[in-house]
Amino acid sequence: MTHFERYHLGLTRRSFLGRAATGIGTLALASLLNPKLLAGQGGASKVAVERWPGIVNPLHFAPKAKRVIYLYMAGGPSHLETFDYKPKLAEMSGKPMPESITKGQPIAQLQGAKLTCLAPQHPFKKCGQSGLEISDVFPKLSELADEMCIIRSMHTEAINHDPAHTFMNTGATISGRPSMGSWLWYGLGSECDNLPGFVVLISSGKAGQSQPIAARQWHSGFLPSSFQGVNFRSKGDPVLYVGNPAGVDGGRQRDVVDAVHALNKLENDSVDDPEIATRIQQYEMAFRMQTSVPDLMDLSKEPKTTLDMYGTTGGDGSFSANCLLARRLAERGVRFIQLYHRDWDHHGRVTNDVAVTAKEVDQGAAALLRDLKQRDLLKDTLVIWGGEFGRTPMAQGDGRDHHIKGFSIWMAGGGIKGGITYGATDEFGYHAEQDPVPVHDMHATMLHLLGIDHEKLTILYQGRQFRLTDVSGQVVKGILA
C-alpha cells in the first residue's frame, strides 16, 4: 500500500470516529510513522522517527528543480524603478493620468485624489547578451541578466499588505491556508534529517516602511503542524530555546527527549491524535538541530572570497548574510528557503529609497546566483525574487501607492529560461496587458518545475479538496527551459 493510500485510509477511519474537529488536514503523520533508527547528539534515539517521504511519491513527472529559494521583497517593490521601464510614463510625468486607465480601478490611499503621472526615477540599460532592460539600481544583478527571466505581467487580488502577503504565500486572501513552503514540504518531503524542510530568514533595511511580517505567512494551516516553516534568526541565537540549559550535556538531553517521546507514544497509542505524532517529530528535530544549526550558522570556514562576494562577514542580520545562509541551507537539503527583506514600502521618497533598498539586496542576490551556479546548484534550484504587489504609475507626493494590476518579479535556475522577459504591462505600467500571470499561475509553475501537478497536490479538509492554486492556475510554459 502506498503512502498516499495509507494516508487516505487513515482519513476515512478517523472521520468515522469523529475526529474531524481537530482538522482533517492534520491527520497525515499518525498513520505514516514507520520504524527507523536515527542517530542524534549524545547517542541513538530509542524512539523510531522517520523522515517524511512526501505525499507525491513518485513525482507526477520528471522535475527540473529540487528546491526553492524565494527572495521575498516585502512592502511592494516599484516595478517602474526596477524591471519595467516606461518611456510613455516618463513623457507624461507631471500630467494627469488618463482617466481611461484608472476609472473604476482599485486604488489604495490615492482613492479620490488627483492622479498625476510620475516618471520612472532611475535610468534603465540593456544588460547581458540578451539585452534585458534593468534599472541601474541593480548593478550586480544586471551582470546576471542572462540567467534571469523577468515576468512583467504579474497581478494579484489584494491591495493592502497583510492580505496581499497572505495571497502570495498561500493562494488565498483569508488566513488559515497552508503556505507554499508547507505545501512543498508536505508534497515532496525533505532531503535533510537534521534541519526543517522549510526555513525562513528575515532582514530589515534603512529606508521605506518596514511592514510587519506575521508568522502566519509560513504557517502550515490545516496541514500537520510539523510542516510549518521555522524562522531562523541571523543574529544572536538562530533558534530560540533550542540550546541545552547550563549543566545539561548531550547524553542527558538525549535521555530526556527519549523519555518524553515514550510518554507521547503511550498517549498516541491510546488516543491516536496526529498532533501527538507531530510533537514526537518536533522534539526529535529540535534535538538534532542543537548540533546542525550551530554548524549551519558558523561561517568561519567560508573562504574570504565568498564572504567578500556576498559583502558580509556573517552574523550581521543583513540580507546578504541571509543569502549566504540560504546557499548553505540548499546544500544541506532544505526544500523551501524564504528570505524576507522588509523595506520596500515606498509611499514617499521613492527616488532615494528605492536606490537604498535595492543596494541592500543587490549584492546578496547576485552573489547567491553566482555561488549556486559555481557549485552546480543553480540548475536544480529555483530562485524567485518579488514582492506582494507593485507600485502605482501615479505619484503619491514623492512616492507611489500600492498597485495590484501589473508588476514584475524574476525567476532563475531550476528549469527557467534565462535572458528573457515574459508578458508586459501597458505603456503606463498600470495593467498587465500581454500574457498576464496571476499568482495561482506562478504557484502552478513552481510546482510543475518541482515535478508536481498542481491539481493533484490536494488535501481533504472540512469536506472539500484544497490545493495551493485553489480552483485555478495554469503552468506558464513560455518561461520554461
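All of these numbers come straight from a predicted model, not from anything done at the bench.

Reading the values: the criteria
Residues numbered from 1 in each chain as written. Predicted model: local features only at pLDDT ≥ 70, side-chain atom pairs only at ≥ 80, totals over all residues. Heavy atoms only, no water. Helix = DSSP H or I, 4+ residues; strand = E, 2+ residues; numbered from the N terminus. Buried < 20%, exposed > 50% of the residue type's maximum accessible area, 1.4 Å probe, protein only. Contact = heavy atoms within 4.5 Å. Areas by Shrake-Rupley, 256 points an atom, 1.4 Å probe, with all protein chains shown as cover. Salt bridge = Lys/Arg side-chain N within 4 Å of Asp/Glu carboxyl O. Pairing = 2+ DSSP bridges. Polar contact = N/O pair within 3.5 Å; in protein donor to acceptor, adjacent residues only side chain to side chain. Phe/Tyr/Trp six-rings, centres within 6.5 Å; stacked < 30°, edge-to-face > 60°. Lys NZ or Arg CZ within 6 Å of the ring centre and 35° of its normal. Expected span 1.5 Å × (residues − 1). Bend = angle between axes of the 7 residues up to and from the residue. pLDDT = per-residue confidence, 0-100. Axes fitted to C-alpha atoms, helices over the stretch in contact; angles between N-to-C directions. Parallel < 35°, antiparallel > 145°, perpendicular 65-115°, else oblique. Left-handed = near helix turned anticlockwise from the far one by under 90°. Nonpolar A, V, L, I, M, F, W, Y, C, P; charged D, E, K, R; others polar.

### Let's talk about the overall build of the protein
On a plain count of helices and strands, the protein comes out with 11 helices and 19 strands. Counting the 481 residues in the protein, one finds 58% classified as buried. Sequence-distant contacts, at least 24 apart, represent 79% of the contacts inside the protein between residues at least 6 apart. Of the roughly 18900 Å² of accessible surface on the protein, 51% is carried by carbon and sulfur atoms.

### A short note on the pattern of salt bridges
Inspection of every chain in the model, using the stated rule, returns 21 salt bridges. A salt bridge links Lys88 to Glu91; its shortest N-O distance comes to 3.5 Å. In this pair, Lys88 and Glu91 are both assigned in helix 2 (residues 87-91), 3 residues apart and thus about one turn of the helix distant. For Lys88, a relative accessible area of 26% puts it in the partly exposed group. Arg327 is the salt-bridge partner of Glu302, the closest N and O atoms lying 2.7 Å from each other.

### As for the pairing of strand 5 (residues 132-135)
When strand 4 (residues 124-127) meets strand 5, the two strands line up antiparallel, connected through 4 bridges. Paired with Cys127 across the two strands is Leu132, which belongs to strand 5. In this antiparallel pair of consecutive strands, strand 4 and strand 5, the connection spans 4 residues, and Gly128 shows a positive phi of 70°.

### Some remarks on the side chain of Ser190
Within the element layout of this structure, Ser190 appears in the loop between helix 5 (180-188) and strand 7 (198-204). For Ser190, the side chain forms a polar contact with the main-chain nitrogen of Cys192, separated by 3.1 Å. Those residues in contact with Ser190, other than ones at most four positions away along the chain, are Arg51, Trp52, Trp185, Leu195, Gly197, Gly333 and Arg335.

### Quick word on the packing of aromatic side chains
According to the stated counting rule, one finds 18 aromatic pairs in the structure shown. Judged by centre distance (5.2 Å) and plane angle (90°), the ring pair of Phe198 and Phe336 falls under edge-to-face. One end of the pair, Phe198, is in strand 7; the other, Phe336, is in strand 9 (residues 336-342), with 138 residues separating them in the sequence. Aromatic ring contacts, followed pair by pair, group Trp52, Trp183, Trp185, Tyr186 and Phe227 into a single cluster. Positioned above the aromatic ring of Phe466, the side-chain terminus of Arg464 is 4.3 Å from the ring centre.

### Considering the environment of Ala62
Here Ala62 shows up in the loop between strand 2 (43-44) and strand 3 (67-74). On the basis of relative accessible area, Ala62 is assigned to the exposed category, the value being 66%. Between the C-alpha atom of Ala62 and that of Leu449, which follows or precedes it by 387 residues, the distance is 8.5 Å.

### Here we look at helix 11 (residues 439-449)
The buried fraction of helix 11 is high, at 10 of 11 residues. Regarding helix 11, the residues found buried are Val439, His440, Asp441, Met442, His443, Ala444, Thr445, Met446, Leu447 and Leu449. The first or second residue beyond helix 11 is Gly451, which carries a positive phi of 90°.

### Side note on the environment of Ala158
Within the secondary structure, Ala158 is located in the loop between strand 6 (148-155) and helix 4 (161-170). Remark: the alpha-carbon pair of Ala158 and His402, spanning 244 residues in sequence, is separated by 9.7 Å. Beyond its immediate stretch of four places on either side in the chain, Ala158 contacts Pro163, Ala164, Thr173, Phe389 and Ile404.

### Digging into the environment of Ala90
When you line up the elements, Ala90 lands in helix 2. Taking relative accessible area as the criterion, Ala90 reaches 29% and is therefore assigned partly exposed. When the C-alpha positions of Ala90 and Pro120 are compared, they lie 6.1 Å apart, and in sequence the two are 30 residues distant. Those residues within four positions of Ala90 in sequence are excluded, and the remaining contacts are Tyr85, Ala119 and Pro120.

### A word on unusual backbone geometry
Going from Asn57 to Pro58, the amide bond is cis rather than trans, its omega being 10°. Tracing the chain through its elements places Pro58 in the loop between strand 2 and strand 3. The backbone phi angle of Asp376 is positive, close to 60°, even though this residue is not glycine. With a phi close to 50°, Gln462 is a non-glycine residue in the positive phi region.

### Focus on helix 10 (residues 350-374)
With 25 residues, helix 10 ought to run about 36 Å at 1.5 Å a step, and its terminal C-alpha atoms sit 35 Å apart, in line with that. At Val361, helix 10 shows its largest kink, close to 30°. One or two residues past the end of helix 10 sits Asp376, with phi positive at roughly 60°.

### Examining the confidence of the model for the protein
Confidence along the protein averages 86 in pLDDT terms, with 79% of residues attaining 70 or more. Scored below 50 in pLDDT, residues 1-45 shows 94 contacts in the model against residues more than four places distant or in partner chains.

### Concerning the packing of helix 9 (residues 319-331) against helix 10
Between helix 9 and helix 10, the shortest axis-to-axis distance is 8 Å and the interhelical angle comes to 20°. Taken together, the axes of helix 9 and helix 10 are roughly parallel relative to one another. You can see that helix 9 and helix 10 cross each other, and the crossing is right-handed. Within the contact between the two elements, helix 9 uses Phe319, Ser320, Cys323, Leu324 and Arg327 and helix 10 uses Glu360, Val361, Gly364, Ala365, Leu368, Asp371 and Leu372. Residues belonging to the contact of helix 9 with helix 10 are distributed by class as follows: 7 nonpolar, 2 polar and 3 charged.

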